Amino acid sequence: MTYHRITYAVWEITLKCNLACQHCGSRAGNTRAKELSTEEALDLVKQLADVGIKEVTLIGGEAFLRADWLEIAKAITSAGMLCGMTTGGFGINLDTAHRMKEAGIKVVSVSVDGLEATHDRLRGRQNSWQWAFKTIGNLQKAGIFVGCNTQINRLSAPEFPCIYERIRDAGAKAWQIQLTVPMGNAADNSDILLQPHELLDVYPMIARVAHRAKREGVHVQPGNNIGYYGPEERMLRGGEAFSFWQGCSAGLSALGIEADGAIKGCPSLPTTPYTGGNIRDYDLRTIIEETEELRFNLGAGTPKGTEHLWGFCKTCEFAELCRGGCSWTAHVFFDKRGNNPYCHHRALTQAKNNIRERVVIKRRADGKPFDNGEFSLIEEAIQAPLPENDPLRFSADKIQWSESWHSEPLMAPLVGSSN
Ligand code: SF4
C-alpha cells in the first residue's frame, strides 16, 4: 500500500558549508560525524518514493559540497519525484548549473539576506552576495527555475524593499520569506532578532512589498512563521477564500531529514525532541507511522490538536485552526511548542490592550546543531521606556524606501481580519 500522508521532504544531505551564517539554525560548517553513505542515501530515495513523497528539496549545509549530490538528485528524479534545492549560491558556476539541469533539478532557491554589506555580514563571507547573484544568473542560463529566499531580522528588515528590487531585477520569480528565529547560531546572536512588538512595523512593510511583487510577477511565499491572521494574511497567502495559515504541517504533509539519517516532521525542528528515529535503525514508513515525534500534529481539528497550547495562544480565538503557529518558532523561544511570540494577531491584540511584548534571553543554547536556548517573555505597557543600548532596534522609520516606492500604496486592511 502506498502511504500518502506526507508528500514533501526537505533533506539536509550534508552539514558541510562554505558560508558561516550568523543565523544558521544547524550551525553548519563541518560534515556531521556519521553522514549517510551513498548507498544509504540511494536506499532512502527509494523509501521516500515508496511512502508517497512527491517533492524533495536538497539542502545543507551546502548541498553541492557533498561529492555524490548529483547522483542523489538524479535518483530522486528517476524515482518520479520533483527535485529542488536551496543554496547559499557561493560557487555554482555555469558548468555546475548545466550538470544540475542534467541531473533533473527543476527548481533552486538562492538565499539573499540583505543588500551586499548586510548579506555578507550575515552570511559570514565576503563576496557571498556577489556569488548569490552570479549563481542566479548561471542557473537561469542553464534553464532552471530560480527563486530566492530571505531571512527577515533586524539587519535585513530595513533593506527589505531594496532586496525585493534586486531579486526582481535578477529575474527571480518566487520569493520565500521567513522570520529569523533563535536556533543554532541565531540563538547566540539574539540582538539581530526582531522583537515581537516590532512585527507591528514589519507586516505593513511586507504587505506593501508583496502587493507590488504580485503585480510585477514575483510570487511571494510566506514561510511557516509568517502571519498570522493579521490584516495582510489573506493577500500574503494568495488572496483566495482559504488563503490563511492552517496550522503546523510537521509530520502531516512535511518531513525533514538530517544528514546522518535522523527523521523529523520538519527540517527546522530541534533535533533531540523531534526526531522520530534514524533511518539506520528503522525503515522510513515505520518512523512516519509509529513514532509520536512524527504524529504530534495528527490531532489537528480535534480537541487533542490544542492540548499543547499555553500562554497567550491557549486563550486565542484562532487556537483551533492555528495550533500555536509554527512549532519550530515557538519551541526555540520557550523550549516547548504551544505559545508563539512571533504572531501578528497577537501583537495587534496586545497593542489594543496597551501591552508590548519583548523576549529576553535567559538560557543560552549549548552549541550543537539545531539547538535552542530559552527566553523570558516580558509584557509591559507600550509607553514604558525601551531598553537603552539596543542599536539594532527595528521601527518603520528605519525602512529604506527608494523613490520607486513613493507611488506604491500601503495596503488597506481586508474585511474579516483581526484588526
Ligand atoms: S496567538 Fe497563537 S494561536 Fe493565536 S493566531 Fe497567534 S500563534 Fe496562532
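Up top is the structure these notes are about.
Residues numbered from 1 in each chain as written. Predicted model: local features only at pLDDT ≥ 70, side-chain atom pairs only at ≥ 80, totals over all residues. Heavy atoms only, no water.

Structural notes on the overall build of the protein chain
Item 1. Helices and strands together make up the secondary structure of the protein chain, namely 15 helices and 12 strands.
Item 2. The C-alpha radius of gyration of the protein chain comes to 21 Å, within 12% of the 22 Å expected for a compact globule of 419 residues.
Item 3. Projected onto its principal axes, the C-alpha coordinates of the protein chain cover approximately 60 × 50 × 45 Å.
Item 4. Per-residue burial over the protein chain gives 58% buried out of 419 residues.
Item 5. Here the protein chain displays about 17,100 Å² of accessible surface, and carbon together with sulfur accounts for 51% of that area.
Item 6. Where the 46 positive side-chain charges of the protein chain centre and where its 49 negative ones centre are 1 Å apart. (Helix = DSSP H or I, 4+ residues; strand = E, 2+ residues; numbered from the N terminus. Rg over C-alpha atoms; globule rule 2.2 N^0.38 Å. Buried < 20%, exposed > 50% of the residue type's maximum accessible area, 1.4 Å probe, protein only. Areas by Shrake-Rupley, 256 points an atom, 1.4 Å probe, with all protein chains shown as cover. Lys, Arg positive; Asp, Glu negative; His and termini not counted. Charge placed at Lys NZ, Arg CZ, Asp CG, Glu CD.)

Let's talk about unusual backbone geometry
Item 1. The amide bond that connects Gly-60 to the next residue, Gly-61, takes the cis arrangement and shows omega of 25 degrees.
Item 2. By secondary structure assignment, the location of Gly-61 is in the loop between strand E2 (55-59) and helix H2 (69-78).
Item 3. Residue Tyr-228 follows Gly-227 across a cis peptide bond; omega there is 10 degrees.
Item 4. Note that Tyr-228 resides in the loop between strand E7 (219-222) and helix H9 (233-236).
Item 5. Positive phi outside glycine occurs at Asn-127, with the angle close to 70 degrees.
Item 6. Position of Asn-127 relative to the elements: it lies in the loop between helix H4 (116-123) and helix H5 (128-141).

Details of helix H8 (residues 199-215)
An α-helix turns once per 3.6 residues; consequently, residues spaced three or four apart project the same way.
Item 1. The end-to-end C-alpha separation of H8 is 24 Å, in line with the 24 Å expected for 17 residues at 1.5 Å each.
Item 2. Of the residues making up H8, those classed as buried are Leu-199, Val-202, Tyr-203, Met-205, Ile-206, Ala-207, Arg-208, Val-209, Ala-210, Arg-212 and Ala-213.
Item 3. Of the surrounding elements, those touching the buried residues of H8 are strand E5 (145-152), helix H6 (160-169), strand E6 (174-179), E7, H9 and helix H15 (344-352). (Expected span 1.5 Å × (residues − 1). Contact = heavy atoms within 4.5 Å.)

Topic: the pattern of salt bridges
Two side chains with opposite charge may pair up if their charged atoms get near one another.
Item 1. Applying the stated rule across the entire model yields 25 salt bridges.
Item 2. Measuring nitrogen to oxygen at the nearest pair gives 3.5 Å for the salt bridge that ties Asp-335 to Arg-363. Taken as a pair, Asp-335 in the loop between helix H14 (327-334) and H15 and Arg-363 in strand E11 (residues 355-363) lie far apart in primary sequence, 28 residues in all.
Item 3. Its relative accessible area of 34% is what places Arg-363 among the partly exposed residues.
Item 4. Here the salt bridges do not stand alone but share partners, grouping Glu-12, Arg-32, Glu-258 and Lys-264 into one network. (Salt bridge = Lys/Arg side-chain N within 4 Å of Asp/Glu carboxyl O.)

What about the state of the cysteines?
Item 1. Under the defined criterion, the tally for this structure stands at 0 disulfides.
Item 2. Left unpaired, Cys-148 is separated from the closest cysteine sulfur, that of Cys-21, by 15 Å.
Item 3. Looking at Cys-148, the relative accessible area reads 2%, which means it is buried.
Item 4. Free of any disulfide, Cys-266 has its nearest neighbouring cysteine sulfur in Cys-326, separated by 6.5 Å.
Item 5. According to the relative accessible area criterion, Cys-266 is buried, its value standing at 13%. (Disulfide = S-S within 2.5 Å.)

Description of the packing of H2 against helix H3 (residues 94-103)
Item 1. Here H2 crosses H3 at 30 degrees, and the two axes come no closer than 8 Å. Compared by their axis directions, H2 and H3 come out roughly parallel. Between H2, through Trp-69, Leu-70, Ala-73, Lys-74 and Thr-77, and H3, the contact on the second element is made entirely by Thr-96, Arg-99, Met-100 and Ala-103.
Item 2. Among the residues making up the contact of H2 with H3, the classes are represented as 5 nonpolar, 2 polar and 2 charged. (Axes fitted to C-alpha atoms, helices over the stretch in contact; angles between N-to-C directions. Parallel < 35°, antiparallel > 145°, perpendicular 65-115°, else oblique. Nonpolar A, V, L, I, M, F, W, Y, C, P; charged D, E, K, R; others polar.)

Considerations on the packing of aromatic side chains
Item 1. Counted under the stated rule, the structure contains 15 aromatic pairs.
Item 2. Measuring from centroid to centroid gives 4.8 Å for Phe-160 and Trp-175, while their planes differ by 25 degrees, and the two rings are stacked. Placement of the pair is Phe-160 in helix H6 and Trp-175 in strand E6, with a sequence separation of 15 residues. This pair shows no difference in class: Phe-160 is buried, exactly as Trp-175 is.
Item 3. Plain terms: the ring middles of Tyr-228 and Trp-245 are 4.9 Å apart, the flat faces sit at 45 degrees to each other, and that makes the pair tilted. (Phe/Tyr/Trp six-rings, centres within 6.5 Å; stacked < 30°, edge-to-face > 60°.)

Concerning the site of the ligand
Item 1. Every residue near the ligand is listed here: Tyr-228, Tyr-229, Phe-312, Cys-313, Cys-316, Cys-322, Gly-324, Gly-325, Asn-340, Cys-343 and Arg-346.
Item 2. Considered class by class, the residues forming the shell around the ligand number 7 nonpolar, 3 polar and 1 charged. (Near = heavy atom within 4 Å.)

Side note on the environment of Phe-333
Item 1. Within the secondary structure layout, Phe-333 lies in helix H14.
Item 2. Remark: the alpha-carbon pair of Phe-333 and Phe-375, spanning 42 residues in sequence, is separated by 5.4 Å.
Item 3. In this view, Phe-333 contacts Pro-182, Pro-341, Tyr-342, Val-359, Gly-373, Glu-374 and Phe-375; residues no more than four positions away in its chain are not counted.

Coordinates in, geometry out; function isn't part of it.
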